[in-house]
Amino acid sequence: EISAICQKKNCSSHVRRAVVTCFSAGCCERHGNRPVRYCKRCHVNHHSSEVGAAAETHLYQTSPPPINTRECGAEELVCTVEAVISLLKEAEIYAEQREFELNRRRQMGLSASHHSLDNIEFDNKEDDQHDQRLLSQFGIWFLVSLCTPNENTPTESLARLVSMVFQWFHSTAYMMDDEVGSLVEKLKPQFVTKWLKTVCEVRFDVMVMCLLPKPVEFARVGGYWDKSCSTVTQLKEGLNRILCLIPYNVISQPLWECFMPEWLEAIRTEVPDNQLKEFREVLSKMFDIELCPLPFSMEEMFGFISCRFSGYPASVQEQALLWLHVLSELDIVVPLQLLIGMFSDGVNSLKELANQRKACASDLSGNTGARRVSVVSDPGRRGQHNTLSPFPSPFRSPFRSPLRCSPFKNLGHATGNCALDLDCDDDDMNLGCFILMFDLILKQMELQDDGVMLGLDSSLGKDIVSIINNVFQAPWGGSHTCQKDEKALECSLCQSSILCYQLGCELLERLTPREEICLVEPTDCLEDTLIPFQPDFSLGTEKGSEEGENPSEPNNDNPSNNSPENPGPDQFHP
């Protein structure tokens, strides 16, 4: 046991907290040949009073100074930071053993839930296991007592600490529900969340840096960064790390708006299509509109997407649409009313920007000196928009494509006329955005099963029709490249136009289904009510195939066909 107060017999200091342990022979002899602990005042008086030949070179150990004080030099700073990291990493060993047992149970077909592992005995002894888990609490105590962050804390040191704390949350997320596990869990609300909130207040940039999918090199600490794993594994584990922070209200809305666009863009550009489903579980938990795990509203949860539709050109809207495309591919529900609101703002913004460009062009032709400043015409402001999307954003194929060769399929590597030029400016990208808008509405209607029940009279149905009308009135951009001498092949603009009209038509069909349920007046006899309205499948099939009309239309030429007393010969026709 180490004494926490000064062990000098005649200590007269008001603050007796021990800060030095002396191992010299002279001091140990006075204390039963054992190392002695001194407070700061006794340490200065005792070790600086001996001079001349009687002076002894004392060997003593001091407590590490806080990292933001003058007493903390470069060497002490590195030692303190790495000590905290090493202690917090002790929790990873237990987490790895637990994950190994979890994978073994999956392979054997046993229960694979984390809670089913609470009573498992691993290879190491129980005492060693407890000591190993408890070692990380010393790292937390070092963190909160010696590493209080402020504006002057070195970025590299603070980033390493923050990144390791995030990994510690992940490593301790599924500890045993026993005395030791409960003790470690209490450290989070008692100490760690307060420390992280202080970091967020004084060094917001460091918090964002450590939450990005690809942080700077010195912030890649612990967990998957210490292993050799694929990019997909790194992204998946990184999202799980963020998911473990959400229950403790560490992720605020400003943080979410800064790092979540980078994650969706990284998933969209770096995850192959056949591995995208691996992200369904973690993203579904984050974007759960019913449970709302994040400490802010649903509208704020999708705010980093919706803000890119209001006042921005098609290049910025396109990227937001592709993020929605990733979420929809993973069957993540985006409320239709919220989606319609985003797209309405987007279409109106594109129309307004087009009007501003026309007005600017007319001003330039009339008076070169007077120029109207707009989002598109101002190079400085346009540069700000480009900073919103630092990644390249090629289109992916939409969910459905009535055309055999979609202009968005395999974009960038397409051959022939099945490619859309994305290097064009402004209006030339509008049509691509409109197609994705229609496509996303259809996909979300399928996920939410709202298409049949909406109808044209509902408020949401009217909003969808309004968007369709608005899109058809907006400038689509692009130019035809069809040549009369060539074969009858449409150019990319023609194909995109056809696709847009077909998706708009499909939206209307979802709102107004072709085959509505016929309501029948009930009679006294149940059999009389049901039998006359048996469908005539053979007749409908023949008429639909021969005349190309809706097979659900009644056959008025032969009214006896539907009579149970006098069935027509075609009624039983195979």
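Residues numbered from 1 in each chain as written. Predicted model: local features only at pLDDT ≥ 70, side-chain atom pairs only at ≥ 80, totals over all residues. Heavy atoms only, no water.

1. Re the overall build of the chain
Defined as follows: Secondary structure elements follow DSSP: runs of H or I of four or more residues count as helices, runs of E of two or more count as strands, with numbering from the N terminus. Classification of residues uses two cut-offs on accessible area relative to the type maximum, computed with a 1.4 Å probe and protein chains only: under 20% is buried, over 50% is exposed, and between them is partly exposed. Residue contacts are counted whenever heavy atoms from the two residues lie within 4.5 Å of one another. Note on areas: Shrake-Rupley with a 1.4 Å probe; residue coverage comes only from the protein chains shown.
Looking only at helices and strands, one finds 21 helices and three strands in the chain. Here the chain holds 574 residues, and 43% of them are scored as buried. Sequence separation of 24 or more characterises 71% of the internal contacts of the chain that already satisfy a separation of 6 or more. By element, 51% of the accessible surface of the chain is carried by carbon and sulfur atoms, the whole surface being about 31,200 Å².

2. Considerations on the confidence of the model for the chain
Predicted coordinates in areas of low pLDDT are best not read in detail. Stated precisely, the cut-off is as follows: The pLDDT value expresses, per residue, how confident the predictor is, ranging between 0 and 100.
Of the residues in the chain, 70% reach a pLDDT of 70 or more, and the chain-wide mean stands at 76. This model gives residues 532-574 a pLDDT under 50, and the stretch forms 25 contacts once residues within four places in sequence are excluded.

3. Examining the nonpolar core
So the rule is basically this: Buried residues of nine kinds, namely Ala, Val, Leu, Ile, Met, Phe, Trp, Tyr and Cys, make up a nonpolar core once their side-chain atoms join them within 4.5 Å.
Judged by nonpolar contacts, the single largest core of 117 residues is most densely connected at W256, M260, L283, M286, F287, I305 and F343. For this core, the element with the highest residue contribution is helix 16 (residues 430-448), accounting for eleven residues. Beyond its immediate chain neighbours, meaning those up to four positions away, M260 contacts L239, L283, M286, F287 and F304. C11, C27, V36 and C42 belong to the second-largest nonpolar core, a separate cluster that totals eight residues.

4. Here's the deal with the environment of S496
Summarising the element assignment, S496 is placed in helix 19 (residues 492-511). Given the relative accessible area of 1%, S496 is considered buried. Sequence separation of S496 and F434 is 62 residues, and the distance between their C-alpha atoms is 9.9 Å.

5. Topic: the side chain of S328
Note the cut-off: Under the rule applied, a polar contact is a pair of N or O atoms within 3.5 Å (in protein, one hydrogen donor and one hydrogen acceptor; residues adjacent in sequence only if both atoms are side-chain atoms).
Turning to its location among the elements, S328 is positioned in helix 13 (residues 314-329). One polar contact links S328 to Q444, side chain to side chain, over a distance of 2.9 Å.

6. Some words on the pattern of salt bridges
Side-chain pairing between opposite charges can occur once the charged atoms of the two side chains come close. What counts is decided by this rule: For salt bridges, the criterion is a side-chain nitrogen of Lys or Arg within 4 Å of an Asp or Glu carboxyl oxygen.
Tallying each qualifying case throughout the model produces eleven salt bridges. Between D331 and R280 there is a salt bridge, with the nearest N and O atoms lying 4.0 Å from each other. Of the two residues, D331 sits in the loop between helix 13 and helix 14 (336-366) while R280 sits in helix 10 (residues 280-286), which places them 51 residues apart along the sequence. Residue R280 is classed as partly exposed on the basis of its relative accessible area, which comes to 32%. Among the salt bridges present, the one from K443 reaches D331, with a minimum N-O distance of 3.8 Å. In this pair, K443 is assigned in helix 16 and D331 in the loop between helix 13 and helix 14, connecting sequence segments 112 residues apart. Here K443 falls in the buried class, since its relative accessible area comes to 14%. Given a relative accessible area of 39%, D331 falls into the partly exposed group. When salt bridges that share partners are traced, they join R280, D331 and K443 into one network.

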